[in-house]
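Reading the structure
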Amino acid sequence: FINATTGFVTGDMGVVCKTTNAGLNWTPINTGTNHSFECVYFLDESTGFAGGMNQKLFRTVNGGLNWSQVTSVTSSVKDILFVNANTGFTANDFGMVFRTTNGGANWQGTNPPTTGTMQRILVSGSTIYVGGFDQVNIYSTTDIGTTWNTIPFAASGQYSTFNIYSMDIIGSTILVGGTYGLMNKSTN
């Protein structure tokens, strides 16, 4: 959602749907592709991105009327997040995180120290966090992906690897949820 009433969802076969009444009704948007999307992110009512399987990331600058494929993303896109109008990130397969500093026109890879699928991106202040599959760590960067820090989140006695399906941050509290009923919390 970009405001209280306007939001977007994605799905298989190139489906992107839009609501303008807080989710009561949804209208399909023709993306011009049949690729499966796993995530969507709109900066505003005009500029948005949809990403998914087979190294596909699409961009619209006119509210979804027309979409064009971004060609420099080299692994499947699992999550998209922008920290401002110019700087954005995608979480991808194979431990990859892509970054744009020009509003999504071009993307370059930044690699956290893992080969697991990155599933979720969070931002808090100037720190960006990513987490994903086959992990016991989340990763953070304060320099838009030039260097990455490793943050263990598994508690003593928990499984050796997890699939992170959800992750959220409020202030200094991070919650990580995933396989095996995992729900871990950090307050620092």
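Residues numbered from 1 in each chain as written. Predicted model: local features only at pLDDT ≥ 70, side-chain atom pairs only at ≥ 80, totals over all residues. Heavy atoms only, no water.

Brief notes about the sheet that holds strand 7 (residues 68-70)
The strand order across the open sheet formed by 4 strands is 4-5-6-7, and the pairing between neighbours is antiparallel. With partners counted over all chains shown, the strands left at the sheet margins are strand 4 (37-42) and strand 7, one partner each. Each adjacent strand pair in this sheet contributes to an overall mean axis angle of 25°, direction not counted. For strand 4 and strand 5 (residues 48-52), the ladder comprises 5 bridges, and the chain directions are antiparallel. Each residue of the ladder has a partner; that of Val 40, found in strand 5, is Ala 50. (Pairing = 2+ DSSP bridges. Helix = DSSP H or I, 4+ residues; strand = E, 2+ residues; numbered from the N terminus. Axes fitted to C-alpha atoms, helices over the stretch in contact; angles between N-to-C directions.)

Side note on unusual backbone geometry
For Gln 55, which is not glycine, the phi dihedral falls at a positive 60°. Tracing the backbone through its elements, the reader meets Gln 55 in the loop between strand 5 and strand 6 (56-60). Positive phi is not limited to glycine here, since Ile 144 has a value of about 50°. Tracing the backbone through its elements, the reader meets Ile 144 in the loop between strand 14 (137-141) and strand 15 (149-152). For Ile 144, a relative accessible area of 34% translates into the label partly exposed. (Buried < 20%, exposed > 50% of the residue type's maximum accessible area, 1.4 Å probe, protein only.)

Some details on the pairing of strand 14
If a strand is regular, its side chains alternate between the two faces of the sheet. A large share of strand 14 lies buried, amounting to 5 of its 5 residues. Every second residue of strand 14 is oriented toward a common face, with Asn 137, Tyr 139 and Thr 141 on one face and Ile 138 and Ser 140 on the other, all of them buried. Note that strand 13 (residues 127-132) and strand 14 share 3 bridges and pair antiparallel. The residue of strand 14 that forms the bridge with Val 130 is Tyr 139. Between strand 13 and strand 14, which pair antiparallel one after the other, the connecting turn spans 4 residues, and Asp 134 there sits at a positive phi close to 55°. Two elements, strand 14 and strand 15, share 4 bridges in a ladder whose sense is antiparallel. In the strand pairing of strand 15, Ile 138 is matched with Ile 151.

Describing the pattern of salt bridges
Evaluation of the coordinates by the stated rule reveals 4 salt bridges. Put simply, Lys 78 and Glu 38 hold a salt bridge, and the shortest N to O gap is 3.1 Å. Of this pair, Lys 78 sits in strand 8 (residues 77-82) while Glu 38 sits in strand 4, placing them 40 residues apart in sequence. Exposure remark for Lys 78: the relative accessible area of 14% places this residue in the buried category. Among the residues examined, Glu 38 registers a relative accessible area of 35% and is labelled partly exposed. Overlapping salt bridges, with partners in common, bring together Glu 38, Lys 78 and Asp 93 in one network. (Salt bridge = Lys/Arg side-chain N within 4 Å of Asp/Glu carboxyl O.)

Focus on the pairing of strand 10 (residues 97-100)
Neither face of strand 10 is exposed, since Val 97 and Arg 99 on one face and Phe 98 and Thr 100 on the opposite face are all buried. Two successive antiparallel strands, strand 9 (residues 88-92) and strand 10, enclose a turn made up of 4 residues, where Phe 94 displays a positive phi of approximately 60°. Strand direction decides the pairing type here: strand 10 and strand 11 (residues 108-110), joined by 3 bridges, are antiparallel. Of the residues in strand 11, the one forming a bridge with Arg 99 is Gln 108.

Regarding the sheet that holds strand 11
Taken in spatial order, the 4 strands make up an open sheet running 8-9-10-11, and their pairing is antiparallel. Across the chains shown, the open sheet's two edge strands, defined by having one partner strand only, are strand 8 and strand 11. The mean inter-strand angle of the sheet, taken between neighbouring strand axes irrespective of direction, is 25°. Here 4 bridges tie strand 9 to strand 10, and the two strands are oriented antiparallel to one another. Of the residues in strand 10, the one forming a bridge with Ala 91 is Val 97.

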